[in-house]
Amino acid sequence: MIKKTFFCTVSGAEDTVYTVPTGKRAEVAMMLFTNSGGSNGKLDVTYYHAEPDTDETILKDYLVEAENFKQLGGQANFFIAMKEGDKIKADAESGKTFEVLLSVIEHNDLIQGG
């Protein structure tokens, strides 16, 4: 197990914040969204499942006030389980810029005792 943090700036187009590497599985522990702009803005966050090739909405039109941040997760029992090839993607409304910070715990994808 290894803990990692990823950072991405999102500005008006969907961007991949994190992809689970080959041979790994991961748990999203916390997401932090910062709006350092001068006006309120909305953000979308999507969980892409590599198998069966589908997108699931985590947040849609999530309002983050100007010069503020929002946090999702961070509590002891919060996690989103992910498999190899799965992704967390983010998209800001047109003309807005957000910084996205994502903390994950990666594990080797090994089957034990089976």
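These lines cover the structure that appears in this document, whether it is placed above or below. The numbers attached to residues start from 1 for each chain and follow its sequence in the written order. Restriction of local features to residues with pLDDT of at least 70 applies here, the model being predicted, together with a cutoff of 80 or more for giving and counting side-chain atom pairs; totals for whole chains, interfaces and linings are based on all residues. Calculation of side-chain values draws on the structure's entire complement of heavy atoms; hydrogens and water are dropped beforehand.

Here we take up the pattern of salt bridges. Side-chain pairs of opposite charge can arise whenever the charged atoms involved come near each other. Any Lys or Arg side-chain nitrogen found within 4 Å of a carboxyl oxygen on Asp or Glu counts as a salt bridge. In this structure the tally under the stated criterion is five salt bridges. As a salt-bridge pair, Glu-106 and Lys-4 come within 3.0 Å of each other at their nearest N and O atoms. With Glu-106 in strand S9 (residues 98-108) and Lys-4 in strand S1 (residues 2-10), this residue pair connects regions lying 102 residues apart in the sequence. Partly exposed describes any residue whose relative accessible area lies between the buried limit of under 20% and the exposed limit of over 50%, with all areas from a 1.4 Å probe on protein chains only and scaled to the type maximum. For Glu-106, a relative accessible area of 3% corresponds to the buried category. For Lys-4, a relative accessible area of 31% puts it in the partly exposed group. Secondary structure elements are taken from DSSP: a helix is a run of H or I of four residues or more, a strand is a run of E of two residues or more, and numbering for both begins at the N terminus.

On to the pairing of strand S3 (residues 24-35), then. In this scheme, strands are said to pair when DSSP sees at least two bridges between them. Across 10 bridges, S3 lies against S9 in antiparallel orientation. Residue Met-31 lies in a different strand from S9, and its bridge partner there is Leu-102. In the sheet, S3 pairs with strand S7 (residues 80-82) via three bridges, with the strands oriented antiparallel. Bridge assignment links Glu-27 to a residue of S7, and that residue is Ala-81. The sheet contact formed by S3 and strand S6 (residues 68-73) spans six bridges and is antiparallel. Looking at S6, one finds that Leu-32 is bridged to Gln-71.

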